[in-house]
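Residues per chain, in single letters:
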Amino acid sequence: MFDLAALEAAAALVHAHMPPTPQYAWPLLAARVGCEVWVKHENHTPTGAFKVRGGLVFMARLAREDPGCPGIVSATRGNHGQSLAFAGARFGIPVTIVVPHGNSVEKNAAMRGFGATLVEYGHDFDEAREHAEALARDRHLSFAPSFAPDLVKGVATYALELFRAAPPLDAVYVPIGLGSGICGLIMARDLLGLTTEIVGVQSTAANAYALSLAAGHVVPTSSAATRADGMATRIPDPQAFEIIRRGAARIVQVTDDEVAEAIRSYWTDTHNLAEGAGAAPLAALMQERDRMRGKRAGVILCGGNIDLALFRTWVLAGAA
């Protein structure tokens, strides 16, 4: 999909618009889990999530290859849409985003704030995606998928930063939505010649990739009813699945209750706010604490964009 030189060039492009995000080893998390824990803080990007990296690389190529582009259309649960809106404003490309009904109020507001036109359609991400593809055809606009080489190359820059800044890691835990984050990690690890295990994390209520990995082929699900909206996808991307199948050590499934506990742990131990998908890697590491005892783990805090109302009703309501 790309080589190390292309990844380095993508990192230079990303860093022209935002600084590298930090990675810290938090002692209270280490005490909680029983191993050294390095957190990659993608909640510290300009959009509060890792996706902005892919949006910048995608939009830079589009502006270069199609300078008269009238605009793009995409679908999202929030962070992908914010990334495209953020990058579109910088490269002068209008952005229309389709979100499902009932989507995050605060993510919707952020997308509009970055300049996107928002359309609400469907009951979940996959229905919104189908409508976005139809809008692109009807309006003669470019469709921006949620998984594409530009997006993977862009988000892989966080993996490049992590692997070069942190000491050698035995495993890195990363959430799986449609797959750009984990695929970027796998590719960066392989390009750097490392042996770190990449562990994917899915919700028990949105586990299409876990089912696909077990079956050896793409298996869609009929629902994705998790409060961790960044992982709420029903239909795996075939290209992402192949990269995950070849390069991931395993997929760990976590419940919404486990994710809520991890969000609370991030707040008490680091005073960082994580959204559901952002806390899922820590939830998986907590589940695998015996397996990882005494080792060195990385966890991708991929975003912090959780609605206040959801934080109250889901995370705080379960606090002891």
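Quick note: structure is the one above.
None of the values given here were measured: they were computed from a predicted structure.

Thresholds applied
Residues numbered from 1 in each chain as written. Predicted model: local features only at pLDDT ≥ 70, side-chain atom pairs only at ≥ 80, totals over all residues. Heavy atoms only, no water. Core = buried A, V, L, I, M, F, W, Y, C linked by side-chain atoms within 4.5 Å. Buried < 20%, exposed > 50% of the residue type's maximum accessible area, 1.4 Å probe, protein only. Helix = DSSP H or I, 4+ residues; strand = E, 2+ residues; numbered from the N terminus. Contact = heavy atoms within 4.5 Å. Pairing = 2+ DSSP bridges. Axes fitted to C-alpha atoms, helices over the stretch in contact; angles between N-to-C directions. Arc of directions from axis to C-beta. Polar contact = N/O pair within 3.5 Å; in protein donor to acceptor, adjacent residues only side chain to side chain. Phe/Tyr/Trp six-rings, centres within 6.5 Å; stacked < 30°, edge-to-face > 60°. Lys NZ or Arg CZ within 6 Å of the ring centre and 35° of its normal. Parallel < 35°, antiparallel > 145°, perpendicular 65-115°, else oblique. Left-handed = near helix turned anticlockwise from the far one by under 90°. Nonpolar A, V, L, I, M, F, W, Y, C, P; charged D, E, K, R; others polar.

**So, the nonpolar core**
Argument step 1. Within the largest apolar cluster, 80 residues are counted, with the highest numbers of intra-cluster contacts made by Y173, I182, L185, Y266 and L285.
Argument step 2. M59, V95, A148 and L151 belong to the second-largest nonpolar core, a separate cluster that totals 25 residues.

**A few points about helix α9 (residues 208–215)**
The α-helix winds at 3.6 residues per turn, so residues separated by three or four positions along the chain end up facing the same way.
Argument step 1. When α9 is considered as a whole, its buried residues turn out to be A208, Y209, A210 and S212.
Argument step 2. Where α9 is buried, its residues touch β8 (197–203), α10 (238–247) and β9 (250–254).
Argument step 3. Looking at the residues trailing α9, positive phi occurs at G216, about 85°.

**A closer look at the pairing of strand β5 (residues 117–120)**
Argument step 1. Both strand β4 (residues 95–99) and β5 contribute to a ladder of four bridges, which runs parallel. Considered in β5, the bridge of T96 is made with T117.

**Quick look at the sheet that holds β5**
Argument step 1. Here four strands make up an open sheet; going across it, the order is β5-β4-β3-β6 and the pairing parallel. Of all strands in the sheet, those with a lone pairing partner are β5 and β6 (142–143), marking the two edges.
Argument step 2. Strands in contact with helix α6 (residues 125–139) are β3 (72–75), β4, β5 and β6; relative to β3, the strand with the most contacts, it is inclined by about 165°.

**Some points on helix α5 (residues 105–113)**
Argument step 1. Looking at α5, one finds that the buried residues are K107, N108 and M111. Relative to the axis of α5, the buried residues are bounded by an arc of 105° and lie together on one face. Looking at α5, the residues exposed on the side facing more than 90 degrees away from the buried face are V105 and G113.
Argument step 2. The elements touched by buried residues of α5 are α4 (79–91), β4 and β5.
Argument step 3. Where α5 ends, the next residue or the one after it, G115, has phi of about 110°, a positive value.

**So, the side chain of N103**
Argument step 1. Secondary-structure assignment places N103 in the loop between β4 and α5.
Argument step 2. Separated by 2.8 Å, the side chains of N103 and N108 make a polar contact.
Argument step 3. Each residue touching N103, except ones within four places of it in the same chain, is listed here: R77, N108 and M111.

**Observations concerning the packing of aromatic side chains**
Argument step 1. For the structure shown, the criterion picks out three aromatic pairs.
Argument step 2. Taken together, a centroid distance of 5.9 Å and an interplanar angle of 90° make the contact between Y24 and W26 edge-to-face.
Argument step 3. Accessibility expressed as a relative area gives 22% for W26, which makes it partly exposed.
Argument step 4. Relative to F114, the ring of F86 has its centre 5.7 Å away and its plane inclined at 85°; by these criteria the two rings are edge-to-face. Separated by 28 residues along the polypeptide, F86 in helix α4 and F114 in the loop between α5 and β5 bring together distant segments of the chain.
Argument step 5. Among the residues examined, F86 registers a relative accessible area of 4% and is labelled buried.
Argument step 6. We note R61 situated over the ring of F58; from NZ or CZ to the ring centre the distance is 5.4 Å.

**Overview of the packing of helix α8 (residues 180–191) against α10**
Argument step 1. It is the contact of α8 with α10, at a shortest axis distance of 9 Å, that shows an interaxial angle of 50°. Comparing their axes, α10 and α8 come out oblique. Between α8 and α10 the crossing geometry is left-handed. The segment α8 lies against α10, with I182, C183, I186 and R189 engaging A240, I243, I244 and G247.
Argument step 2. Among the residues forming the contact of α8 with α10, the class breakdown is six nonpolar, one polar and one charged.

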